[in-house]
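# Chains, contacts and geometry: an overview
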Amino acid sequence: MKSRLYCNPARRQRATKLCGLLLAGCMVVCVFAFVSRAAAGGDAPQWMHALVNAPLPSYDEKTDTVLLYSETIVTVVTTDKTRTQVREAYKILRPNGRYHGTLFVYFNPQRKIKSLRGWCIPAQGKDYEVKEKDAVDVSPNTQGGELVSDVKYRVLHIPAPDPGNIVGYEYEVEEQPFFLQDIWHFQETDPVRETHYSLQLPPGWEYKASWLNHPEVKPSEAGGNLSRWVINDVNGIRREPEMPPMSGIGGQMIVSFFPAGGRALNGFATWDDMGKWYGNLANDRVEASAPIKQEVDALTASKKTSLQKMQAIAEFVQRDIRYVAIELGIGGWQPHPAPEVFSHHYGDCKDKATLMRSMLREIGLDSFQVVINTRRGSVTGEAPPHNGFNHVITAIRLPAGLSDASLIATIQHPKLGRLLFFDPTNDLIPFGQLPGYLQANYGLLVTPNGGELIELPQQPSSMNSIQRTAKLTLDTTGTLRGEVKERRLGERASSERWRLRTVTRDTDQIKPIEELLASSLSTFHITHASLINLQQTDQPFGFNYSFESQNYAKNAGNLLLVRPRVIGSKGLGFLETKESRKFPIEFEEPTRDTDTFEITIPAGYVVDDLPPPVDADFSFASYHAKTVVNGNIVDYTRTFEVKELSVPVNKAEDLRKFYRIIASDERNTVVLKPAP
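Residues numbered from 1 in each chain as written. Predicted model: local features only at pLDDT ≥ 70, side-chain atom pairs only at ≥ 80, totals over all residues. Heavy atoms only, no water.

## A word on the environment of histidine 386
Where we set the bar: Numbering of helices and strands starts at the N terminus; helices are DSSP runs of H or I of at least 4 residues and strands are runs of E of at least 2. Whether a residue is buried, partly exposed or exposed follows from its accessible area with a 1.4 Å probe, protein chains only, as a fraction of its type maximum: under 20%, in between, or over 50%, in that order. Residue contacts follow a heavy-atom distance rule, with two residues in contact if any of their heavy atoms lie within 4.5 Å.
Along the chain, histidine 386 turns up in the loop between strand E19 (367-372) and strand E20 (391-397). What makes histidine 386 buried here is its relative accessible area of 4%. For the pair histidine 386 and threonine 270, spaced 116 residues apart in sequence, the C-alpha separation works out to 8.8 Å. Not counting chain neighbours up to four residues away, the residues in contact with histidine 386 comprise Gln181, Ile183, Leu212, Ile254, Trp271, Met274, Ser378 and Val379.

Next comes the structure, spelled out in structure tokens:
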């Protein structure tokens, strides 16, 4: 399914509509499975039986399923009508591959399902067959702010998708496309034996094929303006922790079609073409109504500077316009008019961005739509023009001479001047900053003259940080007690604010503190806790808390062993695997965290041994730690910094070494002995 611009990034919801549907419709499908098994009968088609003894593609012992055969035939009838036929068959190898027995085909008023059938060829016994009349229609789960959508799914359950069996299906859809482009996703998680793609164009039409993450494959021209591509033995993508999104690493062919005699308005040969298409949808939606003008006057009447006026408008759109998505037809991509969004006081990401632009125009500021994907890496700087976006934000052209330390998320555009990027959907990020998932990300800047793919700025790591200080006292029984202060900036602050935004009970507000202490201490008791600046998003968020932990120091004869790194862990172990890393490691945002722990040692003890200092400095990250003694105080300080958001595979071993250094430091102890 092609992306719609409906995402709510403040909630960081990564689930697709399909995942929501699986939850919403599971009971229906489970009941339907029993009915289908009882009624099934009929022979599978010859193309499936030809696969029974076909050699399998290469796979390992962890592979659940292999795709034996896939065929997609796209027929372009006119500029506003296409037909797509899909045929696929899977060999189930392990129980976890059974999900391939449930087929989801989406439809809406612009996309009709013309036929749908499925089969199972068991290793033993008679074939099963299910037809479209056996399917059920299910609406997507609307969690995440999507109130109304015209997208539904037709769900067909193929009986007996058990290990050793082959399941397959065919379906055909007829569509009125909003743009003349299709994407062939031929590499996903399952190994592929053989996959085909055919494109049938009307006489005189042309196409442009671009390849992502795979060498170009030349088509065979079959005459009659028919082109066919075939790829064999495609490796499946094994998921890895902190890997790029699948859309950024899987093999794809992006094909755009162009009518005879010139380009259609909805054909994408360049990013500029795509910018013009989005611009045609959005530019006339920013006209302000009288109520909008009145609201802008009220918001800015007491503001003396352009920055103060922008901040007032930004806060209004962030806080007063509720996130609600109504996705009907072209409304999946086209924003509602600004007066309508203002009147209803709700809208989705593109609606909020449109209202923001409308209000900025009333104070004399130009701004532009930026279409982007909330998963960094879904669209890269080398990517050909394609609809890989799911979100809309705003780029504001700053007045000449305006300079303020709060305006971090800016670039200098060669033609438009200084641009500030702002996400009006995310109400937890202060004006002037970007959430981590948009930093160093690529978006389509839509201007009145077209569009261009640009890279958004990466903010300094100090803008996203935890600053933790603790003053603690150790007694002779080994009990550690004292006070901790945490100050959080950027995503470190917004993630906690989001987590606590609906929490009302005091016992629930300290859950993050309890989880932090539980991950570092075997026993603890919180004696006091409070929150700082929970609602003031332009101020650092924080926790103040006191605790005590019995038996924190361990006895070794007459010695006491004390870990100076009291709480918090940075030494991750996700790279400690036998398999070699295949894909880059992605960090969510640049980060700079600091810890300072002052531990007053008990009377009658002196320090006998200290851990060595640590200085690990790599291009992508650094870690520095030091333990010193000042009188009767052991002072431990450390700094952890992420400088680059992507670590290439050839540096994965360096990153593993980096985390091992951190883990070793976190285990180190200070040795106390009785004073002479």
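There is more to say, and it comes next.
## Overview of the sheet that holds strand E6 (residues 136-138)
Definition in use: Whether two strands pair depends on DSSP finding at least two bridges between them. Lines are fitted to the C-alpha atoms to define the axes, a helix being fitted only along its stretch in contact, and any angle between axes, read from their N-to-C directions, falls within 0 to 180 degrees.
On the basis of which strands lie adjacent, the open sheet formed by 3 strands has the order E3-E8-E6 and antiparallel pairing. Pairing within the sheet leaves two strands with one partner each, and these edge strands are strand E3 (102-107) and E6. Looking at each pair of strands side by side, their axes are set apart by 30 degrees on average, direction ignored. Pairing of E3 with strand E8 (residues 152-157), which is carried by 6 bridges, proceeds in the antiparallel orientation. If you follow phenylalanine 107 over to E8, its bridge partner there is lysine 152.

## A few points about the nonpolar core
Nonpolar side chains tend to gather and get buried jointly when the protein is soluble and globular. To keep things clear, this is the line we draw: We call a set of buried residues a nonpolar core when its members are Ala, Val, Leu, Ile, Met, Phe, Trp, Tyr or Cys and they connect through side-chain atoms within 4.5 Å of each other.
By size, the foremost hydrophobic cluster in this structure holds 53 residues, and its most contacted members are Tyr545, Val566, Ile567, Tyr623, Leu655 and Phe658. Here this core gets 5 residues from one element, more than from any other, and that element is helix H13 (residues 652-667).

## Quick word on the side chain of threonine 82
Counting through the fold element by element, threonine 82 comes out in strand E2 (residues 81-92). Overall, threonine 82 belongs to the buried group, its relative accessible area being 7%. Setting aside its immediate chain neighbours within four residues, threonine 82 contacts Thr75, Val76, Val77, Val173, Glu174, Glu175 and Pro177.

## Some words on the packing of aromatic side chains
Each aromatic ring pair is described using two quantities: the centre-to-centre distance and the angle formed by the ring planes. Definition in use: Only centres within 6.5 Å qualify two rings of Phe, Tyr or Trp (six-membered ring in Trp) as a pair; their planes then separate them into stacked at under 30 degrees, edge-to-face at over 60, and tilted for everything else. We count a charge as sitting over a ring when the NZ of a lysine or the CZ of an arginine lies within 6 Å of the ring centre and within 35 degrees of the ring normal.
Tallied over the entire structure, the rule returns 26 aromatic pairs. An angle of 90 degrees between the planes, with centres 5.2 Å apart, marks the rings of phenylalanine 179 and tryptophan 277 as edge-to-face. Residue phenylalanine 179 is found in the loop between strand E9 (166-175) and strand E10 (181-185), and its partner tryptophan 277 is found in helix H5 (residues 271-282); the two are separated by 98 residues along the sequence. For the pair shown, phenylalanine 179 and tryptophan 277 are each scored as buried. Pairing tryptophan 184 with phenylalanine 186 gives two aromatic rings, centres 5.0 Å apart and planes at 55 degrees, and the pair type is tilted. For tryptophan 184, a relative accessible area of 4% puts it in the buried group. Cluster of aromatic residues (ring-pair linked, three or more members): Phe178, Phe179, Phe268, Trp277, Tyr278 and Trp333. Across from the ring centre of phenylalanine 107, 4.6 Å away, lies the NZ or CZ of arginine 154, which sits over that ring.

## A closer look at the pattern of salt bridges
Definition in use: Salt bridge, as used here: a side-chain nitrogen of Lys or Arg that lies within 4 Å of a carboxyl oxygen of Asp or Glu.
One pass over the structure, following the stated rule, counts 41 salt bridges. Note that arginine 501 is salt-bridged to aspartate 427, the shortest N-O span being 2.9 Å. With arginine 501 in the loop between helix H10 (491-500) and helix H11 (506-509) and aspartate 427 in the loop between strand E22 (417-422) and strand E23 (442-447), the pair connects residues that are 74 residues apart, well separated along the chain. Judged by relative accessible area, arginine 501 falls into the partly exposed class, the value being 35%. Aspartate 595 serves as the salt-bridge partner of arginine 468, at 2.9 Å between the closest nitrogen and oxygen. Linking arginine 468 in strand E25 (residues 465-474) with aspartate 595 in strand E32 (residues 591-600), this pair joins segments that are 127 residues apart in sequence. Comparing arginine 468 with aspartate 595 shows no difference in burial state: the two are buried.

## Notes on the confidence of the model for the protein chain
Rule in force here: The pLDDT value expresses, per residue, how confident the predictor is, ranging between 0 and 100.
On average, the protein chain scores 91 in pLDDT, and the residues at 70 or more come to 92%. Here residues 8-40 is a poorly scored stretch, pLDDT under 50, and it has 67 contacts once near neighbours within four places are set aside; other chains count.

## Description of unusual backbone geometry
Despite not being glycine, asparagine 225 has its phi angle at roughly 60 degrees, a positive value. Here asparagine 225 is to be found in the loop between strand E13 (220-223) and strand E14 (226-234). Among the residues examined, asparagine 225 registers a relative accessible area of 28% and is labelled partly exposed. The backbone of glutamate 242 sits at a positive phi, close to 60 degrees, despite the residue not being glycine. By the secondary structure assignment, glutamate 242 is in the loop between E14 and helix H4 (246-249).

## Remarks on the pairing of strand E1 (residues 65-78)
Taken across its 14 residues, E1 has 11 buried, putting it largely inside the fold. Two elements, E1 and E2, share 12 bridges in a ladder whose sense is antiparallel. From the neighbouring strand, serine 70 faces E2, where its bridge partner is glutamate 88. Counted between consecutive antiparallel strands, the loop separating E1 from E2 contains 2 residues. As paired strands, E1 and strand E11 (residues 192-200) are joined by 7 bridges and run parallel to one another. Bridge pairing links isoleucine 73 to serine 198 in E11.

## A closer look at H5
Structural remark: α-helix, 3.6 residues per turn; residues separated by three or four positions point the same way. Here is the rule we go by: Helix span, expected: 1.5 Å multiplied by one less than the number of residues in the helix.
Its 12 residues give H5 an end-to-end C-alpha distance of 16 Å, which sits within 8% of 16 Å, the value for a rise of 1.5 Å per residue. For H5, a buried count of 9 out of 12 residues is recorded, marking the element as mostly surrounded by other parts of the structure. The complete set of buried residues in H5 reads Trp271, Asp273, Met274, Gly275, Trp277, Tyr278, Gly279, Leu281 and Ala282. Looking at the buried residues of H5, the elements they touch are E19, E23 and strand E24 (450-455).

## Describing the sheet that holds E23
On the basis of which strands lie adjacent, the open sheet formed by 6 strands has the order E21-E22-E20-E19-E23-E24 and antiparallel pairing. Both edges of this open sheet fall to strand E21 (410-413) and E24, since each of them pairs with a single strand only. Taken over all neighbouring pairs, the strand axes of this sheet differ in orientation by 35 degrees on average, direction set aside. Relative to E22, E20 runs antiparallel, the two being bridged by 4 bridges. Its bridge partner being in E22, alanine 395 is matched across the sheet by phenylalanine 421. Packing of H5 onto the sheet brings it into contact with E19, E23 and E24, and relative to E24 it is tilted by some 115 degrees.

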